[in-house]
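Chain and residue survey
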Amino acid sequence: MYAVDVVFVLLFFLLPVLLIAILQVNNISVISLSIPMFSIQMLFVLAYMGYFFLYFGLDDYRAEEGVTIQNTIFIAFCYSAYCIFSIGIVMVIFSKVLSTNFTPQNLDNIAVMNRLEFFLIVLLFSTVLIVLTVYLIKIPKIALFTAILEGHEAAKSVRSDMGSNFPGKYHWYSLFMHEIAALLSYTLFSSWLILRTKMLGVFMAAAFLLTSFTMLMASEKAPFVWFMIGMFFSYLITVNKGKIPVVKCSFFVVICFIVLILADVLFMGSSNIASAMSSVMSRALTGGITPSYFYLEYFPLYEDFLLGRSFPNPGQIFSFEPYHLTVEIMNWVHPEHIGSDVIGTAPTVFWGEMYANYGGVGVVLAPLLVGSALCIFTFAFNRLRTTPITIGLYTWLILHYKDLATTGISSFLFDFKLIVLIAIVVSILIISNRFRLILN
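My aim in this report is to walk through the structure given alongside it, one point at a time. (Residues numbered from 1 in each chain as written. Predicted model: local features only at pLDDT ≥ 70, side-chain atom pairs only at ≥ 80, totals over all residues. Heavy atoms only, no water.)

1. Looking at the overall build of the protein chain
Of the regular secondary structure elements, the protein chain holds 19 helices and zero strands. Here the protein chain has a C-alpha radius of gyration of 22 Å; the compact-globule value for 440 residues is 22 Å, and the two agree. With respect to the three principal axes, the spread of C-alpha positions in the protein chain is 65 × 55 × 50 Å. Buried residues in the protein chain amount to 50% of all 440 residues. (Helix = DSSP H or I, 4+ residues; strand = E, 2+ residues; numbered from the N terminus. Rg over C-alpha atoms; globule rule 2.2 N^0.38 Å. Buried < 20%, exposed > 50% of the residue type's maximum accessible area, 1.4 Å probe, protein only.)

Written out as structure tokens, the structure is:
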């Protein structure tokens, strides 16, 4: 083993231990739910662990894609390690300045949902149901049923018709069918856990079934698994005060893994359980970081740093045409897709976009900006009085920001989903006279 390999292994195993020790010394628990902490955990799982397999060539599929140069993999690993470590340090600093550990507050005194709040939740649920009905009328087939009846190959084109080729503004339909539906499920589940009434149980079950269907109808397995994780988090926040029980959590992770394997066989065409396990592990651990390798290869050798051109330009208020970063990288990696009906994308961990725009300087700044934003936002959100709907939104936020491990930073600059969901929750709280700020 070469000296650089030894350095890689030492860094790989020692950095997480060091970060955990620093967080624990500063009274920040790594087994408590919070937006910044779960973001760190997901960065570790989805944008750190997989570099070990890439560096030593243990993932044959990624090696066949061209991820073979160890020096480039090592640099990408160092960037991810720096980002995770920096967010942790930023979290420690803000915990001292703001006197908080960022976990949900006032969980000993959760306000019970009143009648007006419940009426507004049911009204919103009815709206989601109407939007779903209109959507289903507009699509020729449902990919989930096509995959079951005709196989995963037949479901590919149907899945495209349900999303990228949908005749209309799909993002609005998706907002209601996925994001708002999940918010309602988390909210009703939290409320039912507090009161345990039959009426709440009926609506909670209806919301759960509706959301489960919307997450599965495009024959995609990940959205449903994340929805189930969200329900688990809603339970932990409401009943367990945000603490993560290691044994129960491990059991739940195993169940999710089994679901992913079975779904891979059914929807993705894996021939057996072994190949499905390999496929799931590869997607989870290396799927999100593989593009980071190509970002380092492409910039600035084949394209100058973008200097902000990949960021959104709403209403063309700035004098530049947005650069479709993820599409351009995919076209460079797979030029055979150019001119075909397949429009691939190659998103990666959030530092990748900052590197493409500003090089190493962008990577240095990225975690400092992201960590500060997460800490300040979480602290401000925790000033709201705790109710089932704020628990529902908090659960949604935890899962929303986990995408930093697999998505560019520009996705969070003009955050359409976030703005709409916060507006809905605040409106419901104000109308139902539940909007309270806790200032102490």
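Now that the structure is up, let's keep going.
2. What to know about the packing of helix H18 (residues 388-401) against helix H19 (residues 416-431)
One way to put it is that H18 packs onto H19 with a least axis distance of 10 Å and a crossing angle of 170°. Of the possible angle classes, the one that applies to H18 and H19 is roughly antiparallel. Residues Ile389, Thr390, Leu393, Trp396, Leu397, His400 and Tyr401 of H18 pack against Lys417, Leu418, Leu421, Ile422, Val425, Ile428 and Leu429 of H19. Tallied by class, residues from the contact of H18 with H19 come to 11 nonpolar, two polar and one charged. (Axes fitted to C-alpha atoms, helices over the stretch in contact; angles between N-to-C directions. Parallel < 35°, antiparallel > 145°, perpendicular 65-115°, else oblique. Contact = heavy atoms within 4.5 Å. Nonpolar A, V, L, I, M, F, W, Y, C, P; charged D, E, K, R; others polar.)

3. Considering the side chain of His334
Structurally, the position occupied by His334 is in the loop between helix H15 (325-333) and helix H16 (351-358). One polar contact links His334 to Glu65, side chain to side chain, over a distance of 3.4 Å. (Polar contact = N/O pair within 3.5 Å; in protein donor to acceptor, adjacent residues only side chain to side chain.)

4. Some thoughts on the environment of Asp161
With respect to the helices and strands, Asp161 occurs in helix H8 (residues 152-162). Residue classification places Asp161 among the partly exposed residues on the basis of a relative accessible area of 30%. With 23 residues separating them in the primary sequence, Asp161 and Lys138 have C-alpha atoms 10.0 Å apart. Those residues in contact with Asp161 that sit more than four places away from it in its chain are Ile139, Pro140 and Phe166.

5. A look at H16
The α-helix advances 3.6 residues per turn, and as a result positions three or four apart in sequence lie on the same side. Of all eight residues that make up H16, seven are buried, and the element is covered over most of its length. If you follow the buried residues of H16, they end up packed against helix H3 (50-55), helix H5 (70-98), helix H14 (290-298), H15 and helix H17 (360-381). In the segment just after H16, Gly359 is the residue with positive phi, at about 70°.

6. What to know about the packing of aromatic side chains
For the structure shown, the criterion picks out 44 aromatic pairs. Between Tyr48 and Phe77, the aromatic rings sit 5.2 Å apart at their centres with planes inclined by 50°, giving tilted as the arrangement. One end of the pair, Tyr48, is in the loop between helix H2 (35-47) and H3; the other, Phe77, is in helix H5, with 29 residues separating them in the sequence. Here Tyr48 falls in the buried class, since its relative accessible area comes to 2%. These aromatic residues form a ring-pair network of at least three members: Phe8, Phe12, Phe13, Phe44, Tyr48, Tyr51, Phe52, Phe53, Tyr55, Phe56, Phe74 and Phe77. A cation over an aromatic ring shows up here: Arg383 above the ring of Phe379, its NZ or CZ 4.7 Å from the ring centre. (Phe/Tyr/Trp six-rings, centres within 6.5 Å; stacked < 30°, edge-to-face > 60°. Lys NZ or Arg CZ within 6 Å of the ring centre and 35° of its normal.)

7. Side note on helix H11 (residues 222-239)
If you check H11, its first and last C-alpha atoms are 26 Å apart, about what 18 residues at 1.5 Å a residue would give, namely 26 Å. Considered for burial, the residues of H11 that qualify are Phe224, Val225, Phe227, Ile229, Gly230, Met231, Phe232, Phe233, Ser234, Leu236, Ile237 and Thr238. Trailing H11 by a residue or two, Lys241 shows a phi angle of about 55°, which is positive. (Expected span 1.5 Å × (residues − 1).)

8. Considering the pattern of salt bridges
When their charged atoms lie close together, side chains carrying opposite charge are able to pair. Inspection of the entire model under this criterion finds six salt bridges. Measuring nitrogen to oxygen at the nearest pair gives 3.4 Å for the salt bridge that ties Arg62 to Glu65. Of this pair, Arg62 and Glu65 both sit in helix H4 (residues 60-65), three residues apart, which is roughly one turn of the helix. For the salt bridge of Arg434 with Glu117, the shortest nitrogen-to-oxygen distance reads 3.2 Å. (Salt bridge = Lys/Arg side-chain N within 4 Å of Asp/Glu carboxyl O.)

9. Thoughts on the packing of H17 against H18
Where H17 contacts H18, the two axes come as close as 12 Å, and the packing angle between them is 170°. The orientation of H17 relative to H18 falls into the category roughly antiparallel. Judged by residue contacts, Leu374, Phe377, Thr378 and Phe381 of H17 engage Thr390, Leu393, Tyr394, Leu397 and Tyr401 from H18.

10. Quick look at the environment of Ser212
Assignment of secondary structure puts Ser212 in helix H10 (residues 198-216). A relative accessible area of 8% means that Ser212 is categorised as buried. The contacts of Ser212, once residues within four sequence positions are left out, are Phe224 and Phe227.

11. Concerning the state of the cysteines
Summed over the entire model, instances satisfying the criterion amount to zero disulfides. Just so you know, Cys256 is unpaired, no disulfide at all, and the nearest cysteine sulfur is the one on Cys249, 8.9 Å from it. Among the residues examined, Cys256 registers a relative accessible area of 10% and is labelled buried. Cys375 carries a free sulfur, and the closest cysteine sulfur to it, the one in Cys83, is 15 Å from it. (Disulfide = S-S within 2.5 Å.)

12. Some details on a nonpolar patch on the surface
The grouping of Leu307, Tyr358, Val361, Val364, Leu365, Leu368 and Leu369 at the surface amounts to a nonpolar patch, some 650 Å² of accessible area in total. Along the chain, Val364 falls in helix H17. (Patch = residues over 30% accessible without salt bridge, like charges linked within 9 Å, V, L, I, M, F, W, Y side chains within 5 Å. Areas by Shrake-Rupley, 256 points an atom, 1.4 Å probe, with all protein chains shown as cover.)

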